[in-house]
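Here's the letter readout for the chains.
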Amino acid sequence: MIQETISTATSELQALPQSCSPIPRTWLGRMRPLGALFLAALLTGAAAPWPDEPSRTCFFQMLSGGDSFFCRGDLEVIYPELGDVGCSYIPKCHQYRERISREWGSPRVRYPQADKNKKYVLMLVDPDVPSRANPRSRFWRHWLVTDIPGANLRTGDVKGHVLTDYVRPTPPPRSGYHRYQLLLHEQPEHEAITLSPEERVSLGSWAMESFVKQFRLGSPVASTQFLTKYHQD
């Protein structure tokens, strides 16, 4: 009976659609203790903690369609507890949307394919300001770091010349989901990258494409994005 119950639960989990991942990659290890607890409950006849207590489990929905096409090059953006949030929606459970907006600092950004002999430029922007339906103030610059050694990117340690300090994702109320896009460029050798006085004054309405062209950054070697919205919506 126990084996039949476990097999049924496993089959149902495997049947979930690809657009809805029950747990991020970095959380797979956490499922083992939960599975052991569930099995112990079956053996003792006690009430099982899952799925009778759904608040313990978060469901992570992956991006699909055009939004998923932006994610390429295996760029990882890693926040506490959540792990790699690239190409996914930030879930509301466990106050994650509020914590990413009000509590957590800059994420680790990892690019395993980084060339140790090169330097890179990392950008984090919101193209949906004030909303995706009316992005009149795109791009909003949330983070800009140049001269990042490739060796650091391999470990997720973003250290370089910070042109714009990290600004947490803070979508306004009732503005829907915002895309937070990370773009990683190889930095041309002997290229001193700066922001103009006008750019330093304001984070919004940043002409990102002109910036990329001015400093000959070319196409990004990797990019990813995550979507979130106001935590009380």
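Here the structure is shown first, and the text comes after it.
Residues numbered from 1 in each chain as written. Predicted model: local features only at pLDDT ≥ 70, side-chain atom pairs only at ≥ 80, totals over all residues. Heavy atoms only, no water.

> Just checking my understanding: could you explain the side chain of Arg141 for this structure?
Tracing the sequence through the fold places Arg141 in strand S8 (residues 140-149). We note that Arg141 is buried and unpaired, the nearest opposite charge coming from Glu199 at a distance of 5.6 Å. In terms of polar contacts, Arg141 uses its side chain to reach the side chain of Thr164, at 2.7 Å. Side-chain polar atoms of Arg141 contact the backbone oxygen of Glu199, separated by 2.9 Å. Aside from chain neighbours lying at most four places away, what touches Arg141 is Leu124, Val125, Thr164, Leu195, Glu199, Arg200, Ser202, Leu203 and Trp206. (Helix = DSSP H or I, 4+ residues; strand = E, 2+ residues; numbered from the N terminus. Buried < 20%, exposed > 50% of the residue type's maximum accessible area, 1.4 Å probe, protein only. Lys, Arg positive; Asp, Glu negative; His and termini not counted. Salt bridge = Lys/Arg side-chain N within 4 Å of Asp/Glu carboxyl O. Polar contact = N/O pair within 3.5 Å; in protein donor to acceptor, adjacent residues only side chain to side chain. Contact = heavy atoms within 4.5 Å.)

> Explain the sheet that holds strand S6 (residues 108-110) here, please?
Across a sheet, strands are paired by hydrogen bonds formed along the backbone, either parallel or antiparallel in direction. Here we have three strands laid out as an open sheet, ordered S4-S3-S6, and antiparallel in their pairing. Since the sheet does not close on itself, it has two edges, and those belong to strand S4 (83-84) and S6, each with one partner. Relative to S6, strand S3 (residues 76-79) runs antiparallel, the two being bridged by three bridges. Of the residues in S6, the one forming a bridge with Val77 is Val109. (Pairing = 2+ DSSP bridges.)

> Would you take a moment to explain the packing of aromatic side chains for this structure?
Any aromatic ring pair is given by two values, namely how distant the centres are and how the planes are angled relative to each other. Considering all chains together, one arrives at nine aromatic pairs under this definition. Among the aromatic side chains, those forming a connected cluster through ring pairs are Tyr79, Tyr96, Trp104, Tyr180 and Phe226. The ring centre of Phe139 lies 5.6 Å from the NZ or CZ of Arg138, which sits over that ring. Over the ring of Trp206 we find Arg141, and its NZ or CZ is 5.1 Å from the ring centre. (Phe/Tyr/Trp six-rings, centres within 6.5 Å; stacked < 30°, edge-to-face > 60°. Lys NZ or Arg CZ within 6 Å of the ring centre and 35° of its normal.)

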